[in-house]
Amino acid sequence: MNEPILLHGGDYNPEQWLDHPEVLEQDVQLMQKAHVNSVSVGIFSWAKLEPEENVYDLDWLGEIIDRLWAHGVGVILATPSGARPNWMAQRYPEVLRVNAKRERSLFGGRENHCLTSPVYRDKVRKMDQILAKRFGKHPAVRYWHISNEFNGECHCPLCQASFRQWLQAKYGSLEALNEAWYTTFWSHTYTDWSQVESPSPLGESGLQGLLLDWRRFVSWQTIDFYRFERDAIREILPEALCTTNLMDHFDGFDHWAMAKEMDIISWDSYPEWHNPRETEEQTALRTAFVHDIYYSMKDKPFLLMESTPSNTNWQAVSRPKEPGMHMLSSLLALAEGADSVMYFQWRRSRGAMEKIHGGVVGPDCQADNRVFLETAAVGKALQDLTFIAGEKRPKQAAIILDYNNKWVLDASQGPRNCGLGYWEEMHRHYDGLRHNGYSVDFLPPKGDLSAYPLVIVPMLYLMDDATIQNLRDYVQNGGHLVVSAWSGIADEQDQLRQGDTPYGLTDLLGLRVTETVALWDGEQVSCTSCTEDLSDTEGAILCDVPALEGAETLLQYSSAFFAGTPAITKNRFGKGTAWFAATRFPAPFYKTLYQTICRDSGMAAIWQHPIPEGVLVSYRGPYVFLQNWNRTAVSLETGKGTLELHGWGTAVLEQDGAVRYVSEPFPFPLTAGKPAAEK
Amino acid sequence: MNEPILLHGGDYNPEQWLDHPEVLEQDVQLMQKAHVNSVSVGIFSWAKLEPEENVYDLDWLGEIIDRLWAHGVGVILATPSGARPNWMAQRYPEVLRVNAKRERSLFGGRENHCLTSPVYRDKVRKMDQILAKRFGKHPAVRYWHISNEFNGECHCPLCQASFRQWLQAKYGSLEALNEAWYTTFWSHTYTDWSQVESPSPLGESGLQGLLLDWRRFVSWQTIDFYRFERDAIREILPEALCTTNLMDHFDGFDHWAMAKEMDIISWDSYPEWHNPRETEEQTALRTAFVHDIYYSMKDKPFLLMESTPSNTNWQAVSRPKEPGMHMLSSLLALAEGADSVMYFQWRRSRGAMEKIHGGVVGPDCQADNRVFLETAAVGKALQDLTFIAGEKRPKQAAIILDYNNKWVLDASQGPRNCGLGYWEEMHRHYDGLRHNGYSVDFLPPKGDLSAYPLVIVPMLYLMDDATIQNLRDYVQNGGHLVVSAWSGIADEQDQLRQGDTPYGLTDLLGLRVTETVALWDGEQVSCTSCTEDLSDTEGAILCDVPALEGAETLLQYSSAFFAGTPAITKNRFGKGTAWFAATRFPAPFYKTLYQTICRDSGMAAIWQHPIPEGVLVSYRGPYVFLQNWNRTAVSLETGKGTLELHGWGTAVLEQDGAVRYVSEPFPFPLTAGKPAAEK
Amino acid sequence: MNEPILLHGGDYNPEQWLDHPEVLEQDVQLMQKAHVNSVSVGIFSWAKLEPEENVYDLDWLGEIIDRLWAHGVGVILATPSGARPNWMAQRYPEVLRVNAKRERSLFGGRENHCLTSPVYRDKVRKMDQILAKRFGKHPAVRYWHISNEFNGECHCPLCQASFRQWLQAKYGSLEALNEAWYTTFWSHTYTDWSQVESPSPLGESGLQGLLLDWRRFVSWQTIDFYRFERDAIREILPEALCTTNLMDHFDGFDHWAMAKEMDIISWDSYPEWHNPRETEEQTALRTAFVHDIYYSMKDKPFLLMESTPSNTNWQAVSRPKEPGMHMLSSLLALAEGADSVMYFQWRRSRGAMEKIHGGVVGPDCQADNRVFLETAAVGKALQDLTFIAGEKRPKQAAIILDYNNKWVLDASQGPRNCGLGYWEEMHRHYDGLRHNGYSVDFLPPKGDLSAYPLVIVPMLYLMDDATIQNLRDYVQNGGHLVVSAWSGIADEQDQLRQGDTPYGLTDLLGLRVTETVALWDGEQVSCTSCTEDLSDTEGAILCDVPALEGAETLLQYSSAFFAGTPAITKNRFGKGTAWFAATRFPAPFYKTLYQTICRDSGMAAIWQHPIPEGVLVSYRGPYVFLQNWNRTAVSLETGKGTLELHGWGTAVLEQDGAVRYVSEPFPFPLTAGKPAAEK
């Protein structure tokens, strides 16, 4: 079941149509028209699979899977643990979550079960194993889709007890916990384990150590739940390939740790295309950034598990994709490392919360409308691009991404409670590198940096000793490192390092930070270039004020009281070089900055030709993706002549310029309501 | 007691002054000065009427009513159920509401009793009948004022049980409920009636069917409570005329259903005059819109039950009416169909929440200040205009108003969660018609349309089959229909119609909507006119993209990807004509649009003379109201010469131009503190 | 221990460093370098002082105090009642607060104990007396610091019972309470004391009398708690000098009443220096205003108990003070009446919520950084300025400040629920006086006005009879009084005065207010001057519309419907004069207005020389402080020549111009990281 193909399909909820057999029959016909080869089933089917406690009905699902497979459609089989039946919540209220105010939920929603509840775990395990036994060997089953979009936390008594056990295992003694959490502050010293409670707006919120450990515990709990389900299936099916669908910039658990338990990464991508705050290219970069995170998680291709062929239903304004954007954004996923394009959902629901969310098949049940035809065109393109399947990406630049650091910046009091922008900081470096045509991976702070010519450390406030050593070793051995402001301040328990900062890196960077000046939103500090390579610019958000201890100044502050102090520096250390970017610069400045840094790093570009404005370059194996995010055509030099690429067009080339694929524009309005989708 | 007079007066709370007999005596003297002929009493008197459980004291109220009647002042007698005594809440906590988070209220506020509580119903019934027996035959009593400004909902166990009973009666079986609410979604299937709970932020909020039925249930409950009180009185007084005071654009229950139970409609009107967001004319149109809704509810004159002679106390800024506005706005009510001008409240309270709210008599207790004198001038004008009492309005255009549709748009997820603007859509059509001098009524979706030359269907997302048939029959038989965007999408359970939309109307409109593009706030799509009658304009909020199936294009989109598709169409169907307005246009455009549509509808104007900017025309019986909402005078052609109408002035004419009444401007500053109110 | 010195130091939390003895040793060394002579200890030490119930450990604190004293550092000894140990909350949940929604807190935070709990009072009393016995006679102990930043309220059953007792004592009977609270409104009459509940979003919020008495009760409770602790200490140490640290514009209790119980006032000052909404001079005036309130509380010098040498951690943006601002703002405190400059905190915590808050010693533990050096420079300046210690301020203008009035304006419904701006109104008068070089005190409404040539009554909506008499007597006897809009409306129970307003002052002002027009934010009414002294200007927020009864018009409205009525008037009454300012003018207008009023009052300026823009003048005893809030130097005429004062510089002179002290600018960047702090 692991042949190198590109999956096309999406969430399929036939349980909503069991009383409409003609619809189920139409589904498989339309799937073939849309070149669908894979759908996800069973995600929210529990109430149908176990209508009464211990009464199971899997036959309907069996029929669905058989019919799909008979029409060449494989399945990604979900465990239904994301939502439980009403009878279960009524009989066992412990399966329902308790919020931070200690209020027990009523039945409703989804992805909201207690992560500890033994009853829930028993029910889930039993259900998963019944599914595994019945369908595990079915040839249609490609992957197991464990639960759905894990997120959130529970503060019930069972979870409090579990939290305390987790802390006992971590710290051994209350003394150690008190020290780690610095509980002498405000006399919050714990003298009995039973005093420990999760953070609450009604209680403790002032101990960053607790806030941080709570997020670590919730992360552990969530991953443990995933592992619990995976292992239940593995007991029956030792070879089962398991995944769970991750979400965008979501930080509810440590994705590096979750990824280790997953066989393949998958995620759900819902960018706000055509929003008034950014260009389509900017939206594309925000999206590529996340694709690249999830590619990096296992250093191999991932699944785009959900996307919409048109609009969502939950954004402030759920604007549909304009004609051609579905193709462009789907091929962006491919370009960044996806081996699938899948949707929520195949057919729009008739009722309830998500019925306005675009599906491949709409309430008109027709195959001749724009959404269906654009989807079918993507299906066709995926067939044409099968040669991409399984291809890996080159290693050039890497950005350190640390969930612990995100959590602690969220929990922090000061210096900017209106926002420090950890993601934004990462995005600026990422965009700068991508605008220079480089591929960007992400790494955990203690990851192996050795394969990357260039490593970026954006706003890494929290650094443990091993991370510091990892960065030092990397530069010592010839690596090129960029560190940005508000880094190296605290240790792994969010206790301030006692000594100069960035702690442990001052010799490496050739400077120490003497103070950090938080700026108001909209406030800017002028910066003047000290080299020909950089232009004058401005700093914002916060300014580290460095005192040089050996580094060279590339850019300096030229307003505010610290005018004359360095804003960007460069320092040789061991066999390598380290840069320090002391404030947040305007987004376009990072293009210039990384032009300089990449050149000084000696990092070669793979695509040697000029890249016009608005064109993004990506690499998979020997192939180069060129995507034109402008609405108008551009001329591309390819080494084998000039390629005219239409607005919102994609070309896939070999590195020598040989063209393997070029997309076609999608017509609108459709002629007589029936556009020529597959010519 | 139903002689054709115009009532003038307001809420009178003498229980606040029982220990100040001289004040009570002054009251009736001042009422005569102010030409007051009717006051509402007893609204919040329960604590005085039943100071201890089962101990009643009605004598003080008897004295008040006698004294009023002796001075020529009738009463609207209220049941005191809007607020209950402290002792009752203490002894029977079930009378207090429980909110959606399942928190029981403490005692406080008003209009906040449990709508189910048997104890409360018993107490209310007993009280109402005691009042009816004591005062029902008193010659002063004109109407019964049931409770006060019904609103809100209760989630207590008694109401949950009542909700389940209501659902059982509606659906018969859980299977039917599951199907109607589409509970297969997220495995939310109910397997026992006891699992059904009202919507809650702690529980279910994803089933639109539940959300919609909950609002229907609350509507039923509220109306049932009104009916329960009305019937308690009717048992004693079969001829009693009952009303309850409604509120502005309030949508907490289905007013069409409530209206059926009421003998006369009354409402409380508190426009924000002189606010910085709109001109006084715009405020007037917002207010006239609501007057017209309440006139339409029973197709007959209504009571303006509350208004303020100066300022409120509860708006963000409670700006007082400027000199002359009280006359102008009071006569607006008359022009639109009111047979009264009444106030909250006669005399300002000394203490508590509403003491800053303007009353006719202020804390200076004088009759020589601006508020008193303007009120007296209105009282005099009402006497002069007695000939208006009981006159009905002509039937020209009608707008379909559906509370179910409002509820479901509120509950919707997508396409614009930041607001679809159902009221705003209605207002634009209304204003366009009024700016052309037409009278506008409102009708429920299954109402009798036959009397109206023109019917507007603004954003009627939810349409049941009977509504569709009603609209089809209307046009088939020669009616003129305007349908606007996002109509005909869902059925009465908010399930998407499977087929082309506007469902059931595609042949009538000569088009089908191929997709709907939600726009961001501030985003606009250009539109180009295809006829001489319309000018180029812009669309906003959302754009239906139609494919023509026979209709004629009057205006087309000229930007965005759907440029070239129709934005306004016209189609002949049966003996009638149907227009489709596919997006939301700027407010002024609707004046032009309805100039065209009304002309094509052959709908004759009643007032044939030019209407200057800022002048509103209204009709009652043979009379025409001309109100000048400009601060400066205008010249009006009347057919019998030219009438110079002062700024903020009102003229009442016969249709041939004969002048029956012209208001006088109110002087300011008052000369020596004593303006000449009644010359 | 009361020698006339200026204290320098701050909060010292050695309990956080007991396992780092070398740090404790370094502390006293660094304190000497920073010229620290006093620190506050024990504020949050309870968990260390009583690690288990009834097990006390005071030895560590004894060692700290001994070591401090041995190095010349005195202590302000705190009672630890601001935060309690975890074990206590676990064993006695009654010590934890209940919020207005009746939710009991979990353990966490600080300044959040039940103010009634007998258990807590017992524990606190025992702890305080143990501290008093052990350390009361220690020569190091200067003051007792009772608890910390008292604030907030508790709605638990114990507090409800206490509230009812307090009301019974105040009113004697339920009848009197019902009358005072005007409970006939909405039938809220109480028929049993047990029905009385504190205000709640779930219950009563419509009775302003209740809202007001609840705030009075909480004020009484808070002060009672302070008194309870003070008396516990006094039992052991009859001579103990007690204080508690107050906060900025905080209005949680009546500070006039609290001040009577305190031996010396102290407060914590955290202005947002360098914020984008105002100039540094404006921030300085906001700060001086509060300094002056706290000076006025006991008409004698106070302690600046907390401030930051750099940045906070809790503001939206915790921007550090720029070089020189620490000196300037510290000397501002001195100029306004402080006898100390103290900080939170001496050494930054390693962990928990406040670790980013600037401390004198930072995580680099060095004495050569900017913060330490600026602090040391302030320490040195305080030594040089010891002659200021104990000096009092002159009496010129006084502003009436009434917490009851603040509470009732907060609780009010109308005329502007988006804000009346009581503090803002006071600030405008204050700034106008300060810009003319006058010293401004604050007085309670029934305070002794006789020493002041000029008294301002800003927006005193609530006036009891004694206040009215106090103001009348003052003017009668020759005083000069300024009253502003929305004054004299209600009595002490927030019941509207029945009669003309400002009630009891119409003859004194020579006018009555006929109406009050609330304006929208941004709305302005033009005003035209009727004298040469004033310029044309605008009114905003709300406009009283007066009818003259003898007063002279200085400025009149020239737009809106009340154009031509007076906006500023002047009236002779008895031997004095009264002005009325009927609306809120732009801030700069008050400078001109008070130029006129002060001249007409015959109030002589102390500093007779021209005051350049941006320079503030303050007086202590025979000394004049001149502070230059401009970033550039100014030339000052002193009577003994011209003094060039650097940007952000402070000069202290004698009244004849003799220079006693001039600050020096602080260099930046520090040369080689080591600025010359003490030359």
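All values derive from a computational prediction rather than experimental measurement.

1. Quick look at the sheet that holds strand S3 (residues 74–78) of chain A
To summarise the sheet geometry, strands pair through backbone hydrogen bonds and adopt either a parallel or an antiparallel arrangement. Residues and elements named next belong to chain A. The 6 strands are arranged S5-S4-S3-S2-S1-S9 in an open sheet whose pairing can be described as parallel. Of all strands in the sheet, those with a lone pairing partner are strand S5 (242–243) and strand S9 (340–343), marking the two edges. By the bridge criterion, 4 bridges tie strand S1 (residues 7–12) to strand S2 (residues 38–41) in an arrangement that is parallel. The residue of S2 that forms the bridge with Gly 10 is Val 39.

2. Here we look at the nonpolar core
Of all hydrophobic cores here, the largest spans 205 residues; its most connected members are A:Trp181, C:Leu68, C:Trp144, C:Trp346, C:Leu454, C:Tyr461 and C:Leu481. The element best represented in this core is helix H10 (residues 280–298) of chain C, accounting for 9 residues. Among residues more than four places away in sequence, those in contact with C:Trp346 are C:Asp11, C:Tyr12, C:Asp27, C:Leu30, C:Met31, C:Ala34, C:Val36, C:Gly359, C:Val360, C:Val361 and C:Phe372.

3. Re the interface of chain C and chain A
It is common to report an interface's size as the accessible area lost on association of the parts. Facing the 56 residues of chain C at the interface are 52 residues of chain A. If you look at where chain C meets chain A, you find 4 salt bridges. Here C:Arg370 ties to A:Glu515 by a salt bridge, and the two come within 2.6 Å at their closest N and O atoms. Between chain C and chain A we count 28 residue pairs in polar contact (both at pLDDT 80 or more) in total. Of the residues that constitute the side of chain C that touches chain A, the class distribution is 23 nonpolar, 16 polar and 17 charged.

4. Comments concerning the interface of chain A and chain B
In this complex, chain A contributes 56 residues to the contact, which on the side of chain B involves 51 residues. Between chain A and chain B lies a buried interface of about 4,500 Å² when both sides are counted; carbon and sulfur atoms form 57% of it. Here chain A and chain B share 4 salt bridges between them. Of the charged contacts in the structure, one is a salt bridge between A:Arg319 and B:Glu523, with a shortest N-O distance of 2.6 Å. Run the count over chain A and chain B and you get 27 residue pairs in polar contact (both at pLDDT 80 or more). Among the elements of the structure, helix H2 (46–49) and helix H4 (86–91) of chain A are those that each provide at least two residues to the side of chain A that touches chain B. Within the side of chain A that touches chain B, the residues separate by chemical class into 23 nonpolar, 16 polar and 17 charged.

5. What to know about the pairing of strand S22 (residues 623–628) of chain C
All names here are of chain C. Of all 6 residues in S22, 6 are buried; the element is thus mostly enclosed. A two-sided burial pattern is seen for S22, the buried positions comprising Tyr 623, Phe 625 and Gln 627 on one face and Val 624, Leu 626 and Asn 628 on the other. Sheet topology places strand S21 (residues 615–620) next to S22; 6 bridges connect them, and they run antiparallel. Bridge pairing in S22 places Val 617 opposite Leu 626. As judged from the 5 bridges shared by S22 and strand S25 (residues 650–654), these two strands associate in the antiparallel manner. By the bridge assignment, Tyr 623 is partnered in S25 with Glu 654.

6. Quick word on the sheet that holds strand S2 (residues 38–41) of chain C
Residues and elements named next belong to chain C. Strand order across the open sheet formed by 6 strands is S5-S4-S3-S2-S1-S9, with parallel pairing between neighbours. The two strands at the open ends of the sheet, each matched to only one other strand, are strand S5 (242–243) and strand S9 (340–343). Where strand S1 (residues 7–12) meets S9, 4 bridges bridge the pair, whose relative direction is parallel. Counterpart to Gly 10 in the pairing with S9 is Tyr 343.

7. Quick look at the packing of H10(C) against helix H14 (residues 422–435) of chain C
Residues and elements named next belong to chain C. Interaxial distance between H10 and H14 falls to 10 Å at its minimum, and their mutual angle equals 100 degrees. When the interaxial angle is binned, H10 and H14 end up roughly perpendicular. Taken together, the residues of H14 that come into contact with H10 (itself represented by Glu 281, Leu 285, Arg 286, Ala 288, Phe 289, Asp 292 and Ile 293) are Trp 423, Glu 424, Met 426, His 427, Tyr 430, Asp 431, Arg 434 and His 435. A class-by-class count of the residues in the contact of H10 with H14 yields 7 nonpolar, 2 polar and 6 charged.

8. With respect to the confidence of the model for chain A
All names here are of chain A. For chain A, mean pLDDT is 96; residues scoring 70 or higher make up 98% of the total. The low-confidence segment residues 672–679 (pLDDT under 50) makes 14 contacts with residues lying over four places distant or belonging to another chain. Interface predicted TM-score (ipTM) for the complex: 0.96; the corresponding pTM is 0.97.

9. Overview of the relation of the copies chain C and chain A
Expressed as a screw transformation, the operator carrying chain C onto chain A has a rotation angle of 120 degrees and an axial translation of 0.0 Å, and the superposed copies differ by an RMSD of 0.1 Å. Seen this way, the second copy is the image of the first under a three-fold rotation axis. Measuring from the rotation axis to each C-alpha of chain C, the shortest distance belongs to C:Glu103, at 6.4 Å. Interface overlap between copies: only 4% of the residues of chain C at the interface are likewise at the interface in chain A, consistent with a contact formed by different surfaces.

10. Observations regarding the relation of the copies chain A and chain B
With an RMSD of 0.0 Å, chain A superimposes on chain B once it is rotated by 120 degrees and translated 0.0 Å along the axis. Interface overlap between copies is the fraction of interface residues in one copy that are interface residues in the other; for chain A against chain B it is only 4%, indicating separate surfaces.

11. Description of unusual backbone geometry
All names here are of chain B. Omega for the peptide link from Gly 414 to Pro 415 comes to -5 degrees, which places this bond in the cis form. Tracing the backbone through its elements, the reader meets Pro 415 in the loop between helix H13 (403–411) and helix H14 (422–435). The backbone of Tyr 182 shows a phi angle near 60 degrees, a positive value even though the residue is not glycine. With respect to the helices and strands, the residue Tyr 182 is situated in the loop between helix H7 (174–181) and helix H8 (208–236). Classification of Tyr 182 by relative accessible area gives buried; the value is 3%. Unlike most non-glycine residues, Met 459 shows phi in positive territory, near 40 degrees. Tracing the chain through its elements places Met 459 in the loop between strand S12 (454–457) and helix H15 (465–476).

Rules of the game
Residues numbered from 1 in each chain as written. Chains lettered and ligands numbered in written order. Predicted model: local features only at pLDDT ≥ 70, side-chain atom pairs only at ≥ 80, totals over all residues. Heavy atoms only, no water. Pairing = 2+ DSSP bridges. Helix = DSSP H or I, 4+ residues; strand = E, 2+ residues; numbered from the N terminus. Core = buried A, V, L, I, M, F, W, Y, C linked by side-chain atoms within 4.5 Å. Buried < 20%, exposed > 50% of the residue type's maximum accessible area, 1.4 Å probe, protein only. Contact = heavy atoms within 4.5 Å. Salt bridge = Lys/Arg side-chain N within 4 Å of Asp/Glu carboxyl O. Polar contact = N/O pair within 3.5 Å; in protein donor to acceptor, adjacent residues only side chain to side chain. Nonpolar A, V, L, I, M, F, W, Y, C, P; charged D, E, K, R; others polar. Buried area = accessible area lost by both parts, 1.4 Å probe. Axes fitted to C-alpha atoms, helices over the stretch in contact; angles between N-to-C directions. Parallel < 35°, antiparallel > 145°, perpendicular 65-115°, else oblique. pLDDT = per-residue confidence, 0-100. Least-squares fit on C-alpha atoms with pLDDT ≥ 70 in both.

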